[in-house]
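Inside the fold
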Amino acid sequence: MKLEQARPERGTAAPVRFGIVPLPNFTLTALSGFMDVLRLSSDEGDNSRPVRCTWSIIAESMAPVRSSCGIQIAPWETFGLPEKYDYVVVVGGLLHSGPPTSEATVAFLRAVGQTPATLVGVCTGVFALMRAGTLAGHRVCVSWFHYWDLLERFPDAREELIVSDRLYVADRRRITCSGGRASIDVAAVILTRHVDPAIVKKALRILQVDESAKVDAPQPQPAGLAPSTHPKVRRAVLLMEQHLSSALSVDSLARKLDVSVRQLERLFKESLGTTPQAYARQVRLRMAKWLLLHTGKPISAIASAAGFADASHMGREFRNNFGVSPGAYRAGHGVVAPSLGPAHGGEAGAVPGEDYQECFPNRTDFY
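Residues numbered from 1 in each chain as written. Predicted model: local features only at pLDDT ≥ 70, side-chain atom pairs only at ≥ 80, totals over all residues. Heavy atoms only, no water.

What follows covers the overall build of the protein. Broken down by element type, the protein carries 14 helices and 11 strands. In the protein, which comprises 367 residues, the share counted as buried stands at 51%. Taken as a whole, the protein presents about 17000 Å² of accessible surface, with 53% of it coming from carbon and sulfur. (Helix = DSSP H or I, 4+ residues; strand = E, 2+ residues; numbered from the N terminus. Buried < 20%, exposed > 50% of the residue type's maximum accessible area, 1.4 Å probe, protein only. Areas by Shrake-Rupley, 256 points an atom, 1.4 Å probe, with all protein chains shown as cover.)

Below, the structure is given as structure tokens:
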């Protein structure tokens, strides 16, 4: 039910105005997390009146919008004037099912991009903002799960501006986030620009959130990494996975993480007992092993996709780690002893196996 739009108290600043656009098959967690921070920060006590900020669910029509879990939300109003809002928040969800973002929605987002308002992309809402052309020249945060989807749908996107190792990115009047719980962090960051931070902290406590994540907080750790693994190492591993075909040098990796090469090597040694180079090699071998079993690609193509110089290079590394050639591994359906470390022909810090079909359904191409 739409809340009554209360007037701000005399002597207080005008409320911050939010327009929230749920896309077809939006993620309910991302929408509700963002809105609950607004609700709890907007008023005193437990009244939830829109005093410090106002919010409205908007769409091109009043037809209900279905979430990815099946719950439907009826918009409160149609788009109207793009100058009406201080922030327009686009909440996405499923990419590969349901209707695409409508032309009317894209046109509205494009119009908002011409105003002083800030556009916020939550989850795959980033894709709608990309389609509207409102993120050109801005850093763009996307979930690790949709990193390769973004490259495929927008091949002209500048790869160096795509951020998929952090929860969210704020770049001038554009804020993008990976979705899920990160929507709470983004709402908190936005509100602390306009209201007392203590008020926002109170809202987070009510939501059972200790504190909002910092801007450089990593996305959830990849398989095999302990929760206690240093955040810089977790971000480094995400970047390794997302640059398989054209592996990042240690220098480039350190620059992206804003640390020195020496510091990065020390963090890897402390967290994983190995070097960044050795761990990256294991990431490439893991991907090669998966591609051998789940695709019909020739070994030369797999070597290229997994970031090896050529098939011979991959073959040597593969035999050193798994005791068989890539061809024999494929022929034997992977029934070989796993690599457990140097005593078993592998390396310290070996990467645990991961089912890429489970992580990335129907995907066989990685860039």
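We are not done yet, so read on.
Here the focus is helix α8 (residues 250-257). If you check which residues of α8 are buried, you get Val250, Ser252, Leu253, Ala254 and Leu257. One or two residues past the end of α8 sits Asp258, with phi positive at roughly 60°.

Across all of its chains, the model carries 10 aromatic pairs by this definition. Ring geometry for Phe18 and Tyr87: centres 5.1 Å apart, planes at 15°, overall stacked. Of this pair, Phe18 sits in strand β1 (residues 16-22) while Tyr87 sits in strand β6 (residues 87-91); the two residues are 69 residues apart in sequence, bridging distant segments of the chain. A relative accessible area of 1% means that Phe18 is categorised as buried. Taken together, the ring pairs connect Phe18, Phe34 and Tyr87 into an aromatic cluster. The residue whose ring lies beneath Arg284 is Phe308, and the NZ or CZ to ring-centre distance is 5.4 Å. (Phe/Tyr/Trp six-rings, centres within 6.5 Å; stacked < 30°, edge-to-face > 60°. Lys NZ or Arg CZ within 6 Å of the ring centre and 35° of its normal.)

All right, on to the sheet that holds strand β10 (residues 168-171) then. With mixed pairing, 7 strands are arranged side by side in an open sheet as β5-β2-β1-β6-β7-β11-β10. Each edge of the open sheet is held by one strand with a lone partner, namely β5 (77-78) and β10. Of the strand pairs in this sheet, β10 and strand β11 (residues 174-177) are connected by 4 bridges, and their pairing is antiparallel. Counterpart to Ala170 in the pairing with β11 is Ile175. (Pairing = 2+ DSSP bridges.)

On to the side chain of His243. Inspection of the secondary structure assignment puts His243 in the loop between α7 (231-242) and α8. Within polar-contact distance, the side chain of His243 engages the backbone oxygen of Leu239 at 2.9 Å. (Polar contact = N/O pair within 3.5 Å; in protein donor to acceptor, adjacent residues only side chain to side chain.)

Let us look at the pairing of strand β7 (residues 118-122). Counting buried positions over the 5 residues of β7 gives 5, a clear majority of the element. In β7, alternate side chains face the same way, and those of Thr118, Val120 and Val122 on one face and Leu119 and Gly121 on the other are all buried. Relative to β7, β6 is paired through 5 bridges, and the arrangement is parallel. Across the sheet, the residue bridging to Val91 is Val122, located in β7. In this fold, β6 hands off to helix α2 (residues 103-112), which returns the chain to β7; that crossover is right-handed. In terms of strand pairing, β7 meets β11 through 4 bridges, oriented parallel. Directly across from Val122, in β11, lies its bridge partner Cys177. (Right-handed = clockwise from strand over helix to strand, strands pointing away.)

Nonpolar side chains in soluble globular proteins generally cluster together in the buried interior. In this structure, Phe18, Ile20 and Phe34 are the most contacted members of the largest nonpolar core, which totals 36 residues. Where this core is concerned, the elements lending two or more residues are β1, α1 (28-42), β2 (53-59), β6, β7, β11, α5 (182-191) and α6 (197-206). Residue contributions to this core peak at 7 residues, all from α5. Residues within four places of Phe34 in sequence aside, it is in contact with Phe18, Ile20, Val89, Ser183, Val186, Ala187 and Ile190. Counting residues in hydrophobic clusters, the runner-up holds 34 residues, among them Val237, Leu264, Leu267 and Phe318. (Core = buried A, V, L, I, M, F, W, Y, C linked by side-chain atoms within 4.5 Å. Contact = heavy atoms within 4.5 Å.)

Time to look at the packing of α7 against helix α9 (residues 261-272). Direction vectors running N to C along α7 and α9 enclose 100°, while the axes themselves pass 9 Å from each other. Considered as vectors, α7 and α9 are oriented roughly perpendicular to each other. The residues of α9 that touch α7, namely those facing Lys232, Val233, Ala236, Val237 and Met240, are Leu264, Leu267, Phe268, Ser271 and Leu272. Across the contact of α7 with α9, the residue classes break down as 8 nonpolar, 1 polar and 1 charged. (Axes fitted to C-alpha atoms, helices over the stretch in contact; angles between N-to-C directions. Parallel < 35°, antiparallel > 145°, perpendicular 65-115°, else oblique. Nonpolar A, V, L, I, M, F, W, Y, C, P; charged D, E, K, R; others polar.)

Before going further, it helps to examine the pairing of β6. A large share of β6 lies buried, amounting to 5 of its 5 residues. The pairing of β1 with β6 spans 5 bridges and is classified as parallel. The residue of β6 that forms the bridge with Val21 is Val90.

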